[in-house]
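Listed here are the chains, written in short residue letters.
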Amino acid sequence: MTQMTEQRPVDQTVASKIALPDAQTVTSVRHFTDSLFSFRVTRPRSLRFRSGEFVMIGLMGESGKPLLRAYSIASPAWDEELEFYSIKVQDGPLTSRLQHIQPGDEIILRPKPVGTLVHDALLPGNRLWLFATGTGFAPFASLLRDPETWEKYDEVVVTHTCRDVAELTYGREIVEALPDDPLIGEMVAGKLRYYPTTTREVSPKMGRITTLIENGEVFADLGLPPLDPGVDRAMVCGSLAFNLDIKALLEKAGLREGANSDPAEFVIEKAFVG
Ligand code: A2P
């Protein structure tokens, strides 16, 4: 807690407005591109969540009211800290400021996790597809580091579509570290398939994942059969347009959308704009 002195009237105002249990301390920050960064914060002792869920986080606004946005928790449920992955919008009310946070700063975190990208919302299956665009990778960063994901499925296919190669970095590093992870490395062996694509910058695999599903390229590249509701489960997280397009493709293949209260073959959530 910041010590309140007469020399720091601004801190005094902020500190008095953050309800104590909702203030968390930034422990590390990493910038990937001009428009993407990740950060870690302390975790409230009482916070329990299911990998894939989101919480409201933010900063105190200039008006003295909290400025909060929904952020998927990118760290797994067992992690001592919480990790988040964010865009930077230069004139965005929150991320124009949030992008400048440093270790030791405080953010606001409302400890009420919710969301549909959870194992409970899917019926048992053999192969899990995780379809992400942009910062939609965040909930999958959590799920991929959770042992439950590897206990439940024989195969996990991660697709991530971004405009440029550098935007894939956060996800690529998490995926590439999985086989060496002391907790789940052995479970991951032989089960993980990674399929990154770019749509603007030249890379080994180009194209929107929706196009690559429609023309069958993703299945040919990975040596997998077409989507089958008896085998395949899917979680989707990206822009609204992406979600709608992929939902149509999954439904065409016979998969049905599930929810916590009514599990089925796929679940969808919009990637939140910070
Ligand atoms: P594209 O470059 O063809 O628009 P954004 O940065 O706009 O959120 O997009 C992130 C990635 O998602 C980009 O590679 C973008 O491709 C892709 N994308 C955007 N909309 C869709 C969609 N409706 N279906 C599939 N991919 C999409």
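Since the structure is predicted, the reported quantities are computational estimates derived from the model, not experimental observations. (Residues numbered from 1 in each chain as written. Predicted model: local features only at pLDDT ≥ 70, side-chain atom pairs only at ≥ 80, totals over all residues. Heavy atoms only, no water.)

Re the environment of R172
Here comes step 1: Within the secondary structure, R172 is located in helix α5 (residues 169-177).
Here comes step 2: Relative accessible area serves as the criterion here: at 30%, R172 is assigned to the partly exposed category.
Here comes step 3: Note: C-alpha distance between R172 and A141 (31 residues apart in sequence) is 9.9 Å.
Here comes step 4: Not counting residues within four places of it along the chain, the set of residues in contact with R172 comprises Y194 and P196. (Helix = DSSP H or I, 4+ residues; strand = E, 2+ residues; numbered from the N terminus. Buried < 20%, exposed > 50% of the residue type's maximum accessible area, 1.4 Å probe, protein only. Contact = heavy atoms within 4.5 Å.)

Digging into the side chain of D146
Here comes step 1: Along the chain, the position of D146 falls in the loop between α3 (138-144) and α4 (147-152).
Here comes step 2: Despite its burial, D146 remains without a salt bridge, the nearest opposite charge being carried by K152 at 8.7 Å.
Here comes step 3: Contact partners of D146, with chain neighbours within four places excluded, come to S51, P76, A77, W78 and I184. (Lys, Arg positive; Asp, Glu negative; His and termini not counted. Salt bridge = Lys/Arg side-chain N within 4 Å of Asp/Glu carboxyl O.)

Notes on the domain arrangement of the protein chain
Here comes step 1: Here the domain parsing of the protein chain yields domain 1 (22-114) and domain 2 (119-269).
Here comes step 2: On the side of domain 2, 20 residues touch domain 1, which itself brings 21 residues to the contact.
Here comes step 3: Of all residues in domain 1, R50, W78 and Y85 give up the largest surface area on contact with domain 2, accounting jointly for 32% of the area buried on that side.
Here comes step 4: The interface formed by domain 1 and domain 2 holds three salt bridges in total.
Here comes step 5: Between the two partners, domain 1 and domain 2, sit twelve residue pairs in polar contact (both at pLDDT 80 or more).
Here comes step 6: For the side of domain 1 that touches domain 2, the secondary-structure elements that each account for two or more residues are β1 (23-33), β2 (36-42) and β5 (81-87).
Here comes step 7: Counting residues per element, the side of domain 1 that touches domain 2 draws most heavily on β5, which supplies four residues.
Here comes step 8: Its residues placed into classes, the side of domain 1 that touches domain 2 shows eleven nonpolar, seven polar and three charged. (Domains from an automatic or database assignment. Buried area = accessible area lost by both parts, 1.4 Å probe. Polar contact = N/O pair within 3.5 Å; in protein donor to acceptor, adjacent residues only side chain to side chain. Nonpolar A, V, L, I, M, F, W, Y, C, P; charged D, E, K, R; others polar.)

Some details on helix α9 (residues 240-252)
Here comes step 1: When the terminal C-alpha atoms of α9 are compared, their 18 Å separation across 13 residues agrees well with the 18 Å that a helix rising 1.5 Å per residue should span.
Here comes step 2: Those residues of α9 that fall on the buried side of the exposure criterion are F242, N243, I246, L249 and L250. Buried residues of α9 fall within an arc of 130 degrees about the axis and therefore sit on the same side. Seen from the open side of α9, the exposed residues pointing more than 90 degrees away from its buried face are L244 and K252. (Expected span 1.5 Å × (residues − 1). Arc of directions from axis to C-beta.)

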